[in-house]
Amino acid sequence: MGEKVPIWLYFDGNGYAKSGNVTPEEYLMNVKCQIYTAIIHVSTGILFWNDWSETPEVFDRLIPLLVELKQNLDIIKLDTLEKDIDGDKHIAIKGNNKEKYIIASNTSKTDTITIKPHKGITLKLAPLETIITRLK
């Protein structure tokens, strides 16, 4: 589609896609991983749909993630300088002349992975874990 075409993703804010045996916390951990993975793959927008007639148990627990995304928005908007995507490992280095950040996700539901996103840095990500941190 080209670099100038916006890519917006919609996420289920009520947990309709959540299996009955999955807790809201487990469901939202998966959603968070999907969101950060989409950002790494250059998604330009994220929306949530809700049915206000449904129970708010999932959406209420989603609010801290929305706050986190808003707090990280300036980082997310930075240029993507590098990407490293291999299996369950998804890494983007974002930045400018003054600062660089790593956004990483582990899409495995079972395995911890070790990543080396930058010289001298080694990080372990648990299953479905995401990180966003400044590189020194």
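Computed from a predicted model, the values in this text were never measured in an experiment.

### Observations regarding the overall build of the protein
When its secondary structure is counted, the protein shows three helices and eight strands. Taking 14 Å as the expected radius of gyration for a compact globule of 136 residues, we find that the protein reaches 16 Å, a close match to that expectation. Its C-alpha atoms give the protein principal-axis dimensions of about 50 × 35 × 30 Å. Taking all 136 residues of the protein together, 38% fall into the buried category. Within the protein, counting contacts between residues at least 6 apart in sequence, those at least 24 apart form 52% of the total. Summed over its atoms, the accessible surface of the protein is roughly 8,600 Å², and 53% of this surface lies on carbon and sulfur atoms. Averaging the coordinates of the 17 positive side-chain charges in the protein and doing the same for the 18 negative ones gives two points 10 Å apart.

### A few points about the pairing of strand β1 (residues 8-12)
Where β1 meets strand β2 (residues 45-49), five bridges bridge the pair, whose relative direction is parallel. Residue pairing for β2: Asp-12 is matched across the bridge by Trp-49. In this region the chain leaves β1, passes through helix α1 (residues 24-40) and returns to the parallel neighbour β2; the handedness of that crossover is right-handed.

### With respect to the pairing of strand β6 (residues 113-118)
Where β6 lies against strand β7 (residues 121-125), four bridges are found, and the strand directions are antiparallel. Paired with Ile-113 across the strands is Leu-125, a residue of β7. Hairpin connection of β6 to β7: two residues between the antiparallel strands, including Gly-120 at a positive phi of 80 degrees.

### Brief notes about α1
Residues separated by three or four positions in an α-helix point in the same direction, a consequence of the helix having 3.6 residues per turn. The end-to-end C-alpha separation of α1 is 24 Å, in line with the 24 Å expected for 17 residues at 1.5 Å each. Among the 17 residues of α1, 12 are classified as buried, and the element is accordingly described as predominantly covered. All buried positions along α1 are accounted for by Pro-24, Tyr-27, Leu-28, Asn-30, Val-31, Cys-33, Ile-35, Tyr-36, Thr-37, Ala-38, Ile-39 and Ile-40. Once α1 finishes, Val-42 follows within two positions and takes phi at roughly 70 degrees, a positive value.

### Things to note about the pattern of salt bridges
Taken as a whole and judged by the stated rule, the model has four salt bridges. With its nearest N and O atoms 3.1 Å apart, the salt bridge here joins Glu-68 to Lys-32. Taken together, the positions of Glu-68 in helix α2 (residues 57-71) and Lys-32 in helix α1 put the pair 36 residues apart, joining distant regions of the chain. Its relative accessible area of 22% is what places Glu-68 among the partly exposed residues. A relative accessible area of 24% places Lys-32 in the partly exposed class. Here Arg-134 ties to Glu-99 by a salt bridge, and the two come within 3.8 Å at their closest N and O atoms. Placement of Arg-134 in strand β8 (residues 130-135) and of Glu-99 in the loop between β4 (89-95) and β5 (100-106) is noted, with a sequence separation of 35 residues between them.

Here is what the cut-offs are and how they apply
- Residues numbered from 1 in each chain as written.
- Predicted model: local features only at pLDDT ≥ 70, side-chain atom pairs only at ≥ 80, totals over all residues.
- Heavy atoms only, no water.
- Helix = DSSP H or I, 4+ residues; strand = E, 2+ residues; numbered from the N terminus.
- Rg over C-alpha atoms; globule rule 2.2 N^0.38 Å.
- Buried < 20%, exposed > 50% of the residue type's maximum accessible area, 1.4 Å probe, protein only.
- Contact = heavy atoms within 4.5 Å.
- Areas by Shrake-Rupley, 256 points an atom, 1.4 Å probe, with all protein chains shown as cover.
- Lys, Arg positive; Asp, Glu negative; His and termini not counted.
- Charge placed at Lys NZ, Arg CZ, Asp CG, Glu CD.
- Pairing = 2+ DSSP bridges.
- Right-handed = clockwise from strand over helix to strand, strands pointing away.
- Expected span 1.5 Å × (residues − 1).
- Salt bridge = Lys/Arg side-chain N within 4 Å of Asp/Glu carboxyl O.

Geometric values such as these leave the question of function open.
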